[in-house]
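Okay, here's what each chain looks like letter by letter:
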Amino acid sequence: MATTTTPGVDSTETCDVLIYGTGLVESVVAAALAWQGTNVLHIDSNPYYGGSWAALNLDELKAWTDRVNSASNNTPFSDAYLYISRNLDPRKYAIDLSPHILFTRVDLLSLLIKSRVSRYLEFKPLGSFHTFEQDSFEKVPGTKEDIFTSQTLTLLTKRSLMRFMKFVIDWEQNIIVWQDYKDEPISKFLEEKFGLDVPQIVELVHSIGLLPTPKTSTEVALGKIKRYLTSMQVYGNFPAMYSMYGTGGELAQGFCRSAAVAGTVYRLGTKLVGFDETTGVAELDSGDRIKVTEKIISSEALVTHDEEVTRMVAVVEKDCKEWFAEGESAAVVVFPVDTLDGNQAAVQVLVMGSGSGQCPSGQAIWYLSTQEIGELGRKFLYVALEKLEETILRESTEDFEFDVNEEEIAYLPNGLPVISSVRLGESLRNFTPKESLKYLLKLTYSQKSTVSPIEATADSKVIYSAAPGFSLAFEGIVDQAKALYELVTGTTDDFFDVDFEDEDDDATVTAATADPEAREFSEDKDEEDVGGHQYDFEEVAGEMTI
Amino acid sequence: MHSVKRERTSAKAREERRRREAGKIVEYKALVDKVLTSRKNQNYTPDALSLTTTLLKQNPEYYTIWNYRREILTSIFLAQPAETIQSHIDNELQFLFARLMEFPKCYWIWNHRKWCLETSPSPPWKYELGLVTKMLERDARNFHGWHYRRYVVQGTEQATGKSLVRPEFDYTTTKIKANFSNFSAWHNRTKLIPRLLKEEPDIDARNFLDNEVNLITQAIYTDPDDQSVWLYHRWLITSDDIVKLSSDERKDLLNKEIKSIQELLDVEPDSKWCLQSLAFYKCLLASLAGKAVESSVVGYLDKLQDIDPMRKKRYEDWKVQL
């Protein structure tokens, strides 16, 4: 890019593409264009990367709240109410404005690996998906082994579930089974075609499919359900992952870094104040004028009032480890339709423990969202919040007392006493916690989706990228990026078609499945016959479990 | 190999490959000749051992060479003190370990390992159990591993005088919970249960059996196409080695299981194993009760001929014998 002289002086630079906003989609496009040799200038009005996808520290969050509530708000967010307790260190928090998890079998992960952007990031596993049923969080069975070992499913339910799982893995090929139900609600399909009962339907729809309602069309729903099931066992016993220190924003930053390596110039804290379509000159708030030879990609699309999601963030003084699987620091909890006094859309909760890097140890962040809007949306979020509070207090309390009569105790043949589990369940339900939960931060806000003001064609000089989606999982990012890329270059054939140089041979995210001990064994310990090499037997024997 | 695409190589590439392989074949044949001649000359020197090492690295399936290797080692061990022999055995075990990583299912490698243990002045049982556990972690369905495991457990028990039946039984439970499509794990269980019940007389054998039946039924309903779970079920229901059942008790058990399988057949009408098992158990029940076989069995066998045409004759045969 033809470089400038001193800042502040009226100078005209040139670039091929000016990208306004460092959101995830824009950042992917920036990197894609840059690696194909395009001169890209990538700017963002915020002093941080990520735009609407960013994870903010508490100072940034306060500024964001003011901006969102001001008259000049041009973000997809609105109606932000923020409470922050005193004495919190602002830099110890990364509040994710639009948290997303990454299933292992999605094209975004493939792109992250292919582009080597995954090397800039640290991912952690997420295998705990719970459904709120009858006042408790039930972990959903996602594999054959889960179904086999379940103590609560009946034999016939196990069979029906397995039959459905086998079908859904290959559902696109088995059109005859579902084509009559294509646009019908998924709940109807599951009940009529597979004889599944309500609890299983609820779990499949809400926690496995992450769908807002069981009325979602069958064709859409089957794809989402398959995504979860086929994502299991790719890296381990979990279907999804998340990046540390924030989700979308960290990925965006990673792609920006990649774009910078490829030559993209970055300017944060810079606004685009004007653009002359005829001359192709853009004006920045710094006074700089940029001649844009190809296109401007802007994240400042108009918001639409058709769809909206209501969000709540709560930082609690509890580590919430009772909800995490072993070795994990996050969990997903879904409150299905009609479990919170009449909610017509699910409430999805992403629990991030301190292991996610988003908060200090001993605390956790609860991200709640629902597609119910406005006052109603907030109401349901508060009800869900109460349930979460009740549950974590109950599960984490240390002083648990309950009355047991002698008659309720039975004895095993080896002398161990056993209490009826029904009675135990009753006691748990009647348990009132002595302590209450301390909230360190509470934030509620609304988020709208965006729509492009003009039909973007190959002729449009300005094209718009979309705001973050409402789904809890990253969806459609690569497709959107490719669509924008095609509008600029006319093709998607060379999208990230780059031969990155490997610093080392082993460059993939396979940490979870790589057995370090097996590798150690398979290193060439092969001695040429008589060598007298003493092998350390004890070292290996110590791993044996008897 | 399954689902490996055949590459459309050009004639030139194929010719190139053939030339390369031809060279390797000549080399290999020369090595084999050398080794076999060495054996004919009764050469039992360390050099001969080295030759067999080279050859076995390329082809561990050539069992004659393993035989020769053992002849060499035996000769070397003659009139040697125990420490020297042990040191050689340690080297052998290490050599074998590397071979196992490459060829975990080669009979001769496992066999030679067993020979090493048998020849060893102080067999490292603890290490061996750790090794086989690791191998089964890599592939829980490797029946060589399971067979060797039984051998090692036996050796350990003899050396220490302590029974390992309980931890071994728990090990099979762990493996089954991780993936119940594991014939070897179920098979091992059948070997351990009779011993377990004998060594722990506090266990109520009938209760134990009922729990096992419940467990296998969960597996059957989860995956009725899995052969291993049906075979285990059959052993549970018909074996006399778990608990002594009276004729009436046996008949009751059969009836209960027939009912359970029938319910599964209702939702899975084309399940080969349901039909086969029902036919088998109903025949067994009939012979115990001294009555004629139920007419429904003919229906099962007819259906089986349809859905399992490869074994048509077998079912026909069965029908004739009813």
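See the structure above.
Residues numbered from 1 in each chain as written. Chains lettered and ligands numbered in written order. Predicted model: local features only at pLDDT ≥ 70, side-chain atom pairs only at ≥ 80, totals over all residues. Heavy atoms only, no water.

*Asks:* Quick question: what am I supposed to make of the overall build of chain B here?
*Replies:* Regarding its fold elements, chain B presents 15 helices and 0 strands. Overall size of chain B, expressed as C-alpha extent along the three principal axes, is 70 × 60 × 35 Å. Buried positions account for 47% of the 322 residues belonging to chain B. Relative to all contacts within chain B whose residues are 6 or more apart in sequence, the contacts with residues 24 or more apart total 61%. By element, 52% of the accessible surface of chain B is carried by carbon and sulfur atoms, the whole surface being about 17200 Å². Positive and negative charge centroids in chain B, built from 51 and 45 side chains respectively, lie 6 Å apart. (Helix = DSSP H or I, 4+ residues; strand = E, 2+ residues; numbered from the N terminus. Buried < 20%, exposed > 50% of the residue type's maximum accessible area, 1.4 Å probe, protein only. Contact = heavy atoms within 4.5 Å. Areas by Shrake-Rupley, 256 points an atom, 1.4 Å probe, with all protein chains shown as cover. Lys, Arg positive; Asp, Glu negative; His and termini not counted. Charge placed at Lys NZ, Arg CZ, Asp CG, Glu CD.)

*Asks:* Help me understand the overall build of chain A in this model?
*Replies:* Counting secondary structure elements, chain A contains 15 helices and 22 strands. Counting only residues that meet the buried cut, chain A has 51% of its 546 residues in that class. Restricting to contacts in chain A with at least 6 residues of sequence separation, those with at least 24 account for 72%. Accessible surface for chain A amounts to roughly 25100 Å². Of this, 47% is attributable to carbon and sulfur atoms.

*Asks:* What should I look at first to understand the pattern of salt bridges in this one?
*Replies:* Any two side chains of opposite charge can pair if their charged atoms end up close together. The final tally for this structure, using the stated rule, is 43 salt bridges over all chains. In this structure, the salt-bridge partner of B:Arg20 is B:Glu16, at a minimum N-O distance of 3.9 Å. Of this pair, B:Arg20 and B:Glu16 both sit in helix H1 (residues 11–40), 4 residues apart, which is roughly one turn of that helix. Three or more residues are tied together by salt bridges with common partners; here these are A:Glu13, A:Arg267 and A:Asp288. (Salt bridge = Lys/Arg side-chain N within 4 Å of Asp/Glu carboxyl O.)

*Asks:* What exactly am I supposed to notice about the packing of aromatic side chains here?
*Replies:* Each pair of aromatic rings is reported with the distance of its centres and the angle of its planes. Tallying each qualifying case throughout the model produces 38 aromatic pairs over all chains. Between A:Phe189 and A:Phe194, the ring centres sit 5.8 Å apart and the planes meet at 65 degrees, which makes this aromatic pair edge-to-face. Residues B:Tyr107 and B:Trp108 carry aromatic rings whose centres are separated by 6.2 Å and whose planes lie at 45 degrees to one another, so their mutual orientation is tilted. By relative accessible area, B:Trp108 is classed as partly exposed at 30%. Each residue in the set A:Phe132, A:Phe137, A:Trp323, A:Phe335, A:Trp366 and A:Tyr439 is aromatic and connected to the rest through ring pairs, giving one cluster. The residue whose ring lies beneath A:Lys144 is B:Phe180, and the NZ or CZ to ring-centre distance is 4.6 Å. (Phe/Tyr/Trp six-rings, centres within 6.5 Å; stacked < 30°, edge-to-face > 60°. Lys NZ or Arg CZ within 6 Å of the ring centre and 35° of its normal.)

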